[in-house]
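# Tertiary structure, described
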Amino acid sequence: MQENQEEYSIIIDDVYKTFNVYLDKANTIKEKLLFLFSRNRKEKREVLKGINAKIKKGEVVALIGTNGSGKSTLLKLLTKIIYPNKGRIETHGKLTSLLELGAGFHPDFSGRENIYFNASIFGLTKKEIDDRLEDIIEFSELQNFIDNPVRTYSSGMYMRLAFSVAINVDADILLIDEILSVGDEHFQNKCFDKMLELKNQGKTMVFVTHSMESVRKLCNRTIWLCDGKIKMDGDTEKVVDEYIKAIS
Amino acid sequence: MLNVFKNLYNYRELLKTNVKKEIRGKYKNSFLGVIWSFLNPLLQIAVYAIVFQMILKNPQENYVVFLCCGLIPWTFFSTSISRSAFTMIENGNILKKVYFPREILPISVVTSEAVNFLISTIIIFAFVIFSGIGITKYILVYPLIFIAQYLLLLAISFIVSSVCVYVRDLQHFIGIFLQLLFYATPIVYSVETLPPEAAWILKLNPMTYIIEGYRDIFYNQTMPDIQSILILIAIVLVAIVIGYLIFNKLQKGFAEEL
């Protein structure tokens, strides 16, 4: 067991996730009582059916698959926003997710204040944020706007700030959902370079993306999810080739 | 259990900014700002003093001071609980998007209300001094009673905030329940005025001991019943553990239920 902790960043052990899809959600006691007698309004949707994977420290893994195959659900499970119905997920090391950029941004506060809010949600202390503040602002290229309220930002600027905070958290594990659509081309390239840099630093990363091009460039391992199961898991080139064949 | 504290310690900055945001946000956009922290309880005291002293002729000596020793801690109690009921739903957006220790939310509700209460304590001091009652050495027990109340609220807040996610009715029920509890706590009257047959109800109410404690310190100027306060703290510590366990069980479904 001790050996696992050293070697693996993420262990996913036979994970099942089922969502209750309420066609008409009961929130009150009265409704809940009534619904006891008419169960047909609820349906169960199995999203993940027995996922097994171990991700080593420093591995950069892509999760690919068509819409609804469970990629994002798996990422959410890894961040502990939701929990599996069955099975076990272990993560070792500080984890940051870039699932929803800008969570906790408050439109009335300035960019600088929002950096503090956002970074504290990621679990940084005041001092750690102080140390990173310059890097964050520089990376976002928002020096001239950093003291303006965030509501005055364009959506691109907003995302740039959010991404800059998330990427500077210094986590050991990064979970990233379709981020390479942040900002203009210049900023996208910059993000990409930053990803490569983090990869070379030996960070563990899990990507969800539909861009096969970036998967090939960035990831050494790819997991193909199909209908809540792992269809293929292995070397990026092989898996991506098979995947492209299957969907075209 | 140790992990819980470690996790909270790691996220202390979030707790701090959250508490600050709640305190600052409370009177944001209002003309008088922080002054409301004083004005609110003062006006409340005025309302109850008019009703119970002038209309219902409560014979209690220095009734306004008597009232303020009960009413201000009560406000701390009731606003903490009613805000706990809404905190998860208000923060639903963030809960669905990022991970952070969920217990930060109820803790910061209670803590920000505690800060508010500490500020309002100035009012109690002002009343005690200007009415000529004065301050005695018993004031040293004040922190102990404050801690007892803070811990009690934490325990309740854990349970209320998490259960409300699943059963939204509770929010409405809590409003009525607090109103009932207000009269089942010796705030506008003293325990002695009750017939003994009814007094046992007050004995079951933890807020009775806390408000009696504050009142002993400030109004009666006697040593509060330390023994019952300590027993209360012991019970409350157990309640916190139970409350946390319930919270922890329920929090796993927050993102899906909200």
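Treat the numbers as computed from the prediction; the structure is a model and nothing was measured.

Below, the discussion takes up the overall build of chain A. A tally of helices and strands in chain A yields nine helices and nine strands. For chain A, the proportion of its 248 residues judged to be buried stands at 38%.

Here we come to the overall build of chain B. On a plain count of helices and strands, chain B comes out with twelve helices and zero strands. Taken from N to C terminus, the helices and strands of chain B fall in the order α-α-α-α-α-α-α-α-α-α-α-α. Taken against the 2.2 N^0.38 rule, which gives 18 Å for 258 residues, the C-alpha radius of gyration of chain B at 19 Å falls within 12% of a compact globule. Along the three orthogonal principal directions, the C-alpha set of chain B runs to about 55 × 45 × 35 Å. Across the 258 residues in chain B, those meeting the buried criterion constitute 37%. The long-range fraction of contacts in chain B, counting pairs at least 24 apart against all pairs at least 6 apart in sequence, stands at 79%.

The next thing to look at is the confidence of the model for chain B. All names here are of chain B. Looking at chain B as a whole, the pLDDT averages 89, with 98% of positions reaching at least 70. The lowest-confidence element of chain B is helix α1 (residues 2-10), averaging 83 in pLDDT; the highest-confidence one is helix α7 (residues 142-166), averaging 95. For this predicted complex, the interface confidence reaches an ipTM of 0.78, while the overall pTM sits at 0.86.

Residue and element names in this part refer to chain A. Across the interface, helix α5 (residues 126-140) lies against helix α6 (residues 155-167) with an axial gap of 8 Å and an inter-helix angle of 140°. Considering the angle they form, α5 stands oblique to α6. Both α5 and α6 take part in a crossing whose hand is right-handed. Where α5 abuts α6, its residues Ile136, Phe139 and Ser140 lie against Arg160, Leu161, Ser164 and Val165. Tallied by class, the residues present in the contact of α5 with α6 amount to four nonpolar, two polar and one charged.

Each regular strand shows side chains that alternate between the opposite faces of the sheet. Residue and element names in this part refer to chain A. In terms of residue burial, strand β6 (residues 173-177) counts as a mostly covered element, since four of its five residues are buried. Inspection of the sheet shows strand β5 (residues 95-98) paired to β6 by four bridges, in the parallel sense. Each bridged residue has a counterpart across the sheet, and for Ser97 the counterpart in β6 is Leu175. Across five bridges, β6 lies against strand β7 (residues 204-208) in parallel orientation. Counted as the bridge partner of Leu175 is Val206 from β7.

Moving on: the packing of α7 of chain B against helix α10 (residues 206-220) of chain B. Residue and element names in this part refer to chain B. Where α7 meets α10, the closest approach of the two axes is 10 Å, and the angle between their N-to-C directions is 160°. Taken together, the axis directions place α7 and α10 in an arrangement best described as roughly antiparallel. Like other packed secondary-structure pairs, α7 and α10 cross with a definite hand, here left-handed. Residues Tyr142, Ile145, Ala148, Gln149 and Leu152 of α7 form the contact with α10, whose own contacting residues are Pro206, Ile210, Gly213, Tyr214 and Ile217. A class-by-class count of the residues in the contact of α7 with α10 yields eight nonpolar, two polar and no charged.

To continue, consider the sheet that holds β7 of chain A. In sheet architecture, strand pairing relies on hydrogen bonds along the backbone and comes in two forms, parallel and antiparallel. All names here are of chain A. With respect to topology, six strands assemble into an open sheet ordered β5-β6-β7-β3-β8-β9, the strand pairing being mixed. Each edge of the sheet is formed by a strand with only one pairing partner; in this case those strands are β5 and β9 (229-235). Averaged over all pairs of adjacent strands, the angle between their axes in this sheet comes to 15°, without regard to strand direction. In this structure, strand β3 (residues 60-64) lies alongside strand β8 (residues 221-226), joined through four bridges in parallel fashion. Looking across to β8, one finds that Ala62 is bridged to Thr222.

At the interface, 18 residues of chain B touch 22 residues of chain A. Broken down by secondary-structure element, the contributors of at least two residues to the side of chain B that touches chain A are α2 (12-26) and α12 (254-257) of chain B. The element contributing the most residues to the side of chain B that touches chain A is α2 of chain B, with four residues.

Further remarks concern helix α6 (residues 104-130) of chain B. In this model α6 of chain B runs 39 Å from its N-terminal to its C-terminal C-alpha over 27 residues, within 8% of the 39 Å that 1.5 Å per residue would give. Note on α6 of chain B: the residue one or two positions beyond its end, Gly132 of chain B, has a positive phi of about 90°.

Here we come to the nonpolar core. Leu63, Leu175 and Val206 of chain A are the most contacted members of the largest nonpolar core, which totals 122 residues. Considering each element in turn, this core owes the most residues, 13 residues, to helix α4 (residues 63-90) of chain B. Residues contacting Leu175 of chain A, with those up to four places away along its chain left out, are Leu75, Leu78, Thr79, Leu95, Ser97, Leu98, Leu99 and Val206 of chain A.

The topology assignment puts Arg12 of chain B in helix α2. Separated by 110 residues in the primary sequence, Arg12 of chain B and Ile122 of chain B have C-alpha atoms spaced 28 Å apart.

Now for unusual backbone geometry. The phi dihedral of Asp14 of chain A is positive, around 50°, even though this residue is not glycine. By secondary structure assignment, the location of Asp14 of chain A is in strand β1 (residues 8-22). Even without being glycine, Lys57 of chain B reaches a positive phi, approximately 55°. Inspection of the secondary structure puts Lys57 of chain B in the loop between α3 (35-55) and α4. We classify Lys57 of chain B as exposed; it has 8 C-beta atoms within 10 Å.

Definitions and cut-offs
- Residues numbered from 1 in each chain as written.
- Chains lettered and ligands numbered in written order.
- Predicted model: local features only at pLDDT ≥ 70, side-chain atom pairs only at ≥ 80, totals over all residues.
- Helix = DSSP H or I, 4+ residues; strand = E, 2+ residues; numbered from the N terminus.
- Buried ≥ 20, exposed ≤ 12 C-beta atoms within 10 Å, placed from the backbone.
- Rg over C-alpha atoms; globule rule 2.2 N^0.38 Å.
- Contact = placed C-beta atoms within 7 Å.
- pLDDT = per-residue confidence, 0-100.
- Axes fitted to C-alpha atoms, helices over the stretch in contact; angles between N-to-C directions.
- Parallel < 35°, antiparallel > 145°, perpendicular 65-115°, else oblique.
- Left-handed = near helix turned anticlockwise from the far one by under 90°.
- Nonpolar A, V, L, I, M, F, W, Y, C, P; charged D, E, K, R; others polar.
- Pairing = 2+ DSSP bridges.
- Expected span 1.5 Å × (residues − 1).
- Core = buried A, V, L, I, M, F, W, Y, C linked by C-beta atoms within 7 Å.

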